[in-house]
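Examining the three-dimensional arrangement
This is what each chain is made of:
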Amino acid sequence: MNDVDLRGIGMTSQRTRDRLIQRLREEGITSAAVLDVIRNVPRHIFVDEALSHRAYEDTALPIGHGQTLSQPYIVARMTELLLADGPRHRVLEIGTGSGYQTTVLAQLVEQVFSVERIRPLQEKARQRLRTLKLQNVQLKHADGGMGWPEQGPFDGILVTAAPESVPPELIEQLAPGGRLVIPVGGEKQELMLISKDEEGVNVERVEPVRFVPLLAGAIR
Ligand code: SAH
């Protein structure tokens with residue numbers, strides 16, 4: 001990771017990034033804050049060098065261990081849903097993966113807590129976050145299906161791998177007024193927005209999605 005080029009932006013790449021932002025707008029992303037962050041986060045450092053020329057395409061990319069870095073549209077959509085109702089302070093992410101979504105969140109909320117079950121992915125993500133000098137992120141190597149009870153409650157939870165059904169632990173760790181954005185299902189998945197208020201828990205189906213499965217247990 002010591003050969004990471006954070007400045008590798010050049011004229012061409014700036015145009016490429018603008019094209020991505022334009023495309024996200026066309027796909028219905030409206031939050032200026034989210035679009036701004038996506039424009040400025042260097043997505044190319046979150047994938048292998050061999051794939052970096054595709055980093056600003058609106059497409060999911062492999063990150064090893066059978067996992068994928070989500071398509072920018074879905075990162076933008078989930079982040080926008082999480083923030084739609086006002087600022088978020090303590091946000092839990094399940095599935096650190098490359099650390100890209102973590103980095104996007106870290107620019108927009110106060111504190112990010114991110115859990116990953118595959119140790120080598122977590123280590124790479126940690127190096128990237130260090131390179132970017134992000135100070136407001138804490139990482140944990142664990143099965144995130146249980147959330148992170150010691151750090152809860154959270155006013156935002158974002159899950160980037162799909163369970164068959166919503167883990168009750170995550171709803172428990174949601175603060176009143178909190179929002180949980182999570183893909184749910186097996187072959188057929190749907191993005192869900194779950195919010196908590198004095199009356200109880202509300203569930204909204206957002207749109208069909210395709211994520212890697214949320215798996216049990218942590219691996220080294
Ligand atoms: N947010 C990531 C997306 C990575 S793909 C990014 O921006 O790159 C989803 C990730 O969830 C994978 O890294 C996978 O290992 C992780 N994952 C799957 N089940 C998990 C679990 N139970 N706990 C924590 N992480 C999990």
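Residues numbered from 1 in each chain as written. Predicted model: local features only at pLDDT ≥ 70, side-chain atom pairs only at ≥ 80, totals over all residues. Heavy atoms only, no water.

1. Digging into unusual backbone geometry
In this structure, P153 follows G152 across a cis peptide bond, with omega equal to -5°. Tracing the chain through its elements places P153 in the loop between strand 5 (137-141) and strand 6 (154-159). Positioned with a positive phi, H65 is a non-glycine residue whose angle comes to about 55°. Mapped onto the secondary structure, H65 falls in the loop between strand 1 (61-64) and strand 2 (67-69). According to the relative accessible area criterion, H65 is partly exposed, its value standing at 49%. (Helix = DSSP H or I, 4+ residues; strand = E, 2+ residues; numbered from the N terminus. Buried < 20%, exposed > 50% of the residue type's maximum accessible area, 1.4 Å probe, protein only.)

2. Quick word on the site of the ligand
The local shell around the ligand holds 26 residues, among which S98, E116, D143, G144 and L215 are the closest. In the environment of the ligand, an oxygen atom lies 2.7 Å from a nitrogen or oxygen atom belonging to the side chain of S98. In the model, an oxygen atom of the ligand is placed 3.1 Å from a nitrogen or oxygen of the Q101 main chain. Secondary-structure elements contributing two or more residues to the shell around the ligand are strand 2, strand 3 (90-94), helix 4 (100-106) and strand 4 (111-116). A per-class count over the shell around the ligand returns twelve nonpolar, ten polar and four charged. (Near = heavy atom within 4 Å. Polar contact = N/O pair within 3.5 Å; in protein donor to acceptor, adjacent residues only side chain to side chain. Nonpolar A, V, L, I, M, F, W, Y, C, P; charged D, E, K, R; others polar.)

3. A short note on the confidence of the model for the protein
Summarising the model, the protein shows a mean pLDDT of 94, and 95% of its residues fall at 70 or more. Confidence drops under a pLDDT of 50 for residues 1-5, and excluding neighbours within four residues, the segment shows eight contacts in the predicted structure. (pLDDT = per-residue confidence, 0-100. Contact = heavy atoms within 4.5 Å.)

4. Description of the sheet that holds strand 8 (residues 189-197)
As summarised here, the arrangement of the seven strands in space is 5-4-3-6-7-8-9, forming an open sheet in which the pairing is mixed. The sheet terminates laterally at strand 5 and strand 9 (200-209), the two strands that pair on one side only. Pairs of neighbouring strands in the sheet enclose a mean axial angle of 15°, with direction left out of account. As judged from the five bridges shared by strand 4 and strand 5, these two strands associate in the parallel manner. (Pairing = 2+ DSSP bridges. Axes fitted to C-alpha atoms, helices over the stretch in contact; angles between N-to-C directions.)

5. Topic: the environment of K188
On the secondary structure map, K188 appears in the loop between strand 7 (174-185) and strand 8. Note on K188: relative accessible area 77%, which makes it exposed. Between the alpha carbons of K188 and G200 there is a distance of 27 Å; along the sequence they are twelve residues apart.

6. Looking at the pattern of salt bridges
Any two side chains of opposite charge can pair, given that their charged atoms come close. Under the criterion given, the structure shown has eleven salt bridges. Between R23 and E27 there is a salt bridge whose closest N-O contact spans 3.1 Å. The exposure class assigned to R23 is partly exposed, which follows from its relative accessible area of 40%. On the basis of relative accessibility, which here comes to 28%, the residue E27 falls in the partly exposed class. The closest approach of N and O atoms between K140 and E150, which form a salt bridge, is 3.7 Å. (Salt bridge = Lys/Arg side-chain N within 4 Å of Asp/Glu carboxyl O.)

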